[in-house]
Each structure stands twice: as C-alpha cells, then as structure tokens.
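# Structure at a glance
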Amino acid sequence: MNKIDVVVIGIGPAGAMTLLRLAELGIGAIGIDSKSEIAEKLCTGIIGWECSQKYPPDSEDVHYVSNSATVVSPVGFKLKIKSSIPQAVVLDRVSYIKSIAAKAQLLGSKILLDNNVVSVSVKDTGVEIITDKGESFISKIVVIATGFHSPLLKDLSIIKKDVRQEYMVASQAIVRVNDIEGIQVYLGKQNVPGSFAWLVPTHEQNALIGMFTRSRLQGHMNKLITELSKDGIVDTVIKSHSQWGIPAAPIGRTFSDRLLVVGDAAGLVKPTTGGGIYYSFISGEIAAEVICDAIESDSFSYKTLRSYQTKWKTVLNNEIQIGLNARKLLESFSDDQIEVLISHLSKSDFLNDLTNSSVMSFDWHGRVISHFLRNPSLWKLMNSFGPIAQTVLSLVRQKI
Ligand SMILES: Cc1cc2nc3c(=O)[nH]c(=O)nc-3n(C[C@H](O)[C@H](O)[C@H](O)COP(=O)(O)OP(=O)(O)OC[C@H]3O[C@@H](n4cnc5c(N)ncnc54)[C@H](O)[C@@H]3O)c2cc1C
C-alpha cells in the first residue's frame, strides 16, 4: 500500500483546485480519476468575471469575454441585457481544469488516471483507498471530489442509504449556428419547465445548446433545436444531446472523520444557473487549508474537520439559500407572468441601472436577486402573480 498525506478522489474543478492548493501548501497528495482525460464532462464552460480574475485561465483556453446576454421570452420577445463591465468568460473547460491539475503536478501533486476508486475505508490509523486496477493507498485524509451522484457518499454513510438526493437534469448538445449575437437565454414552460435553456456560441460558428430543470425533460431539447432550426438560428447538430445531473442543494454534512466532500459531490452549485466551477474552486481551496491545519495539529477527527463546513457556509450559504428561493420563484411563474415581467423590465430603467452598477455580478447572483426584489415596482408586480409567488416572495424576503 502506498502511503501519502492526502488522497483526492476525482479530478474535476473541485479535485484539481484541492490538489493545487495542497501542493502550494507543501502537502503531499495524489488525485485519482476514473477517466483517462481530466475534466472531460458535460459542461458549458462559463465562469464569472471574478472567478476568471481569481483563477486566471490561459489565454488560449478563453473563447471570449462576455458582457451581455439576450433573454428570449416565451413568445419570442428579446430583451438584451448589457453591462459596461465584463461579466463572464466562455472557455474550454477541459483545457482550463487540465492546466490547474498540471500546475498542481508541477508543484509535486501526483495524478493517477483511469482508476476508479471502488473502496474507501476510514480507520483510526488512516484511510485505505483501493481502485479497480488494484492500486491501493493509505492516507491521513481523503477528499471526495467525485462530482454529482457519487455512490461513495452512501457507502461512507455521509448520505443515508434511504435518502434520495434532489437533483436537476441538464441536457446539452453541440450545434453549428448562423450568426447570433452572443449568449441567448430562453424562458418559458414550452421551452423548458420552470427553468431556462441556453445557446452559447463558443468558437467557429459552434455553440452549446442546453437546458436544465427539476422536472423531466421529455423531448424538450429536440423541440427547441427544431424551433431554432426553423428560425434559421441553428444550422446543424454537430453532437447530439446527452444528459447529466446537477445537484439541487448542498448535502447536510460535508465532513466526517478523516474525510471532506467538495464541489458537486457536496451539492455546491449556484441554484440559479447550476454553475458549479467557481464553488468547486472555493470549496477545494477551503478544504486544502483545513487539511493543512489538521496535518499541522495531527488531528483528523470530525471535530477538527468541522471547520471546513463552517468556512464554506460563511462564504456560500446565504448565496445558495437566496438562489434556491429565486429558483422556486421562477418555477412558480406561468409563461404569461414571465411575459409581463420581461415587458415591464424592457420599459423601465431598472435593468440598465442594475447592469451598470457594482451590484451586477455573474459570480454572486444573491446580491443581484436581492436588488431585484428590493425594487418596489417589481415587488408589487410579482406579488400580483398570485398566492404561490406571494409565498415564495415572502420566503426570499427573509433572506435578503
Ligand atoms: C450541461 C451542464 C452544463 C454546465 N455548465 C456549467 C457552466 O457553464 N459553468 C459552471 O460553472 N458550471 C457548469 N456546470 C456544472 C459544472 O460542470 C460542475 O459544477 C463542476 O464540473 C463540478 O466540479 P466537480 O469537480 O465537483 O465534479 P466533476 O466535474 O463532475 O468531476 C468529478 C470527477 O470525479 C471522477 N470520479 C467520480 N467518481 C470517481 C471514482 N469512484 N473514482 C475516481 N474518480 C471518480 C469523475 O470521473 C470526474 O472526473 C454544468 C453542468 C452541466 C451538467
């Protein structure tokens, strides 16, 4: 059995960032991934501007910087939202995360690909980790960075066996598009129930078309692609759509004796968009710092590691709670109500003022939502949408 301080299972954004930060702190670690290519996963590759400044991508990984998006209402009315400040970066996710893992490797972290971890046993003396290829390790701490829906969490009793985790279904395809003006966001139940769909140009007339929802996707992707083809927006489908899950909310406990859970495995994503790269980085960094303290004090019990959850909650919890309620609010709107809201926004100065203020942030949706809901005329309008909207609005108000 190989001895090492830390084993990180999964090398997506969360695992790669944990490895990098551990390496920077001088802690010996190995990252293990079941795939043969790092970070190969269904993803659109959009990060917020703040994330891109804190964890800068190499310039060749960036498709473009965006400061606008066009919201398309259920009946096809277009509302362009434009900021004078850069808001998001559309990038090659695989290459971006690979370069973070490569930096960790340069600083001393080890990487083992093509190995699926099949067994993790937490003992008083350490954690035993075994892969399907017969590799085995004993570490002081293990980090679970296995992404959405990992069976390891139930095996390790982090999630109870009979608990069904809530999740959203996301679907995405690659298409060739005719000229479109930047990122397009489609609202309306006929497009996607209770959520939104996206068309994100990447490079050379290619674009990612996708959607995510808590309801079931029943032919919605094919329908949207057909509609956009009829409208002359989509030219051809390059890669047909596939699906993956997005956690709907954080899991209850993200630490245990000798163990931390980061990124999607911990349910840390923006509830508004399902974006999880930034939260994966944040949780990975916090995990590495808590591990460093644990190693220094030679103390690996859940009591020591509890500070990980306290720390990520300080940064992310309010944001996640506001986002969860905002998502419920959107789910409660009928298509007619969305139409009324978009029409209202198109006629007022509110959006223009918001998008050009320091409140606007693709990284921190909570403060944008709070600003939105503090606007008296928008509040009044949404309160007129009926009892469901009123109930959700009162819940959101408690958090802002
Ligand atoms: C369609 C879609 C579009 C998205 N678009 C965006 C976006 O534009 N921006 C954004 O911020 N987020 C986006 N997300 C979410 C984002 O992809 C995730 O939040 C992010 O990848 C989570 O990172 P992670 O490291 O926690 O998990 P993952 O990226 O899922 O990585 C987990 C890794 O663990 C490995 N693994 C799992 N089990 C084992 C095991 N037993 N042994 C060894 N290895 C294992 C897997 O192979 C995988 O490589 C999108 C998600 C979907 C589904």
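Note: the structure precedes this text.
If you're wondering where the values come from, they're calculated on a predicted model, not measured in any experiment.

Calculation rules
- Residues numbered from 1 in each chain as written.
- Predicted model: local features only at pLDDT ≥ 70, side-chain atom pairs only at ≥ 80, totals over all residues.
- Heavy atoms only, no water.
- Helix = DSSP H or I, 4+ residues; strand = E, 2+ residues; numbered from the N terminus.
- Rg over C-alpha atoms; globule rule 2.2 N^0.38 Å.
- Buried < 20%, exposed > 50% of the residue type's maximum accessible area, 1.4 Å probe, protein only.
- Contact = heavy atoms within 4.5 Å.
- Areas by Shrake-Rupley, 256 points an atom, 1.4 Å probe, with all protein chains shown as cover.
- Lys, Arg positive; Asp, Glu negative; His and termini not counted.
- Charge placed at Lys NZ, Arg CZ, Asp CG, Glu CD.
- Near = heavy atom within 4 Å.
- Polar contact = N/O pair within 3.5 Å; in protein donor to acceptor, adjacent residues only side chain to side chain.
- Domains from an automatic or database assignment.
- Patch = residues over 30% accessible without salt bridge, like charges linked within 9 Å, V, L, I, M, F, W, Y side chains within 5 Å.
- Salt bridge = Lys/Arg side-chain N within 4 Å of Asp/Glu carboxyl O.
- 1 Å grid on protein atoms, 1.4 Å probe; cavity = no way out; pocket = protein on both sides within 12 Å on 5 of 7 lines; lining within 4 Å.
- Points joined across faces, edges and corners; volume = space filled by probe spheres on them.
- Nonpolar A, V, L, I, M, F, W, Y, C, P; charged D, E, K, R; others polar.
- Pairing = 2+ DSSP bridges.
- Axes fitted to C-alpha atoms, helices over the stretch in contact; angles between N-to-C directions.
- Right-handed = clockwise from strand over helix to strand, strands pointing away.

## Comments concerning the overall build of the protein chain
- A tally of regular secondary structure across the protein chain gives twelve helices and 18 strands.
- At 22 Å, the protein chain has a C-alpha radius of gyration in line with the 21 Å of a compact globule built from 400 residues.
- Looking at the protein chain residue by residue over its 400 residues, the buried ones come to 54%.
- Counting only contacts in the protein chain whose residues sit at least 6 apart along the sequence, the fraction spanning at least 24 positions is 71%.
- Split by element, the accessible area of the protein chain, about 17600 Å² in all, is 52% carbon and sulfur.
- Positive and negative side-chain charges of the protein chain, numbering 41 and 39 respectively, have mean locations separated by a distance of 7 Å.

## A closer look at the site of the ligand
- In the region of the ligand, 34 residues are neighbours, and Asp33, Lys41, Ile46, Arg93 and Asp264 sit closest.
- A distance of 3.0 Å is found between a nitrogen atom of the ligand and a backbone nitrogen or oxygen belonging to threonine 44.
- Take aspartate 264: an N or O atom from its side chain is 2.7 Å from an oxygen atom of the ligand.
- Considering the ligand on its own, with 1000 Å² of exposed area, one finds that the protein chains cover 92% of that surface.
- Counting residues per element, the ones that place at least two in the shell around the ligand are α1 (13-24), β16 (234-247) and α6 (277-297).
- Counting contributing residues per domain, the shell around the ligand is built from domain 1 (2-45 + 92-165 + 251-316) and domain 2 (167-247), each supplying no fewer than three.

## A few points about a nonpolar patch on the surface
- Among the surface-exposed residues, Met1, Val118 and Ile130 lie close enough to one another that they form a single nonpolar patch of about 270 Å² accessible area.
- Within the secondary structure, methionine 1 is located in the segment before β1 (2-9).

## Focus on the layout of surface pockets
- For the second largest pocket, the calculated volume is near 470 Å³.
- Contributing to the lining of the second largest pocket are 22 residues, with Lys41, Cys43, Gln172, Ile174 and Leu208 lying nearest its centre.
- Listed by contribution, the elements that provide at least two residues to the lining of the second largest pocket are α3 (93-106), β12 (167-177), β15 (206-213) and β16.
- Counted by class, the lining of the second largest pocket contains eight nonpolar, nine polar and five charged residues.
- Of the domains in this structure, domain 1 (2-45 + 92-165 + 251-316) and domain 2 (167-247) are the two that each give at least three residues to the lining of the second largest pocket.

## So, the sheet that holds strand β7 (residues 88-91)
- The antiparallel open sheet is built from three strands, whose spatial order is β3-β7-β4. On the outer flanks of this sheet lie β3 (46-48) and β4 (62-66), each paired with one strand and no other. Across the sheet, the axes of successive neighbouring strands diverge by a mean angle of 25°, strand direction being ignored.
- In this structure, β3 lies alongside β7, joined through three bridges in antiparallel fashion. Directly across from isoleucine 47, in β7, lies its bridge partner valine 89.

## Here we look at the environment of lysine 160
- Relative to the helices and strands, lysine 160 is located in the loop between α4 (151-155) and β12.
- Among the residues examined, lysine 160 registers a relative accessible area of 61% and is labelled exposed.
- Here the alpha-carbon distance between lysine 160 and serine 370, two residues 210 residues apart in the chain, equals 34 Å.

## Details of the sheet that holds strand β13 (residues 183-187)
- Spatially, seven strands are ordered β6-β5-β13-β14-β15-β12-β16 in an open sheet, and the strand pairing comes out mixed. Here the strands that pair on one side only, and so sit at the sheet edges, are β6 (78-82) and β16. The mean angle between the axes of side-by-side strands here comes to 20°, regardless of whether they run parallel or antiparallel.
- Alignment of strand β14 (residues 196-201) against β15, held across six bridges, turns out to be antiparallel. Opposite proline 201, over in β15, you have alanine 207 as the bridge partner.

## Some details on unusual backbone geometry
- Phi angles above zero are rare outside glycine, and serine 157 is one such case at about 60°.
- Positionally, serine 157 belongs in the loop between α4 and β12.
- With phi around 45°, glutamate 204 is a residue other than glycine that occupies positive phi space.
- By the element assignment, glutamate 204 lies in the loop between β14 and β15.

## Side note on the environment of glycine 15
- When you line up the elements, glycine 15 lands in helix α1.
- Contacts of glycine 15, omitting those with residues within four sequence positions, involve Val8, Gly10 and Ala145.

## Digging into the pairing of strand β2 (residues 29-32)
- The two faces of β2 match: Ala29 and Gly31 on one face and Ile30 and Ile32 on the other face are all buried.
- Sheet topology places β1 next to β2; four bridges connect them, and they run parallel. Bridge pairing in β2 links isoleucine 9 to isoleucine 32.
- For the segment spanning β1, α1 and β2, crossover handedness is right-handed.

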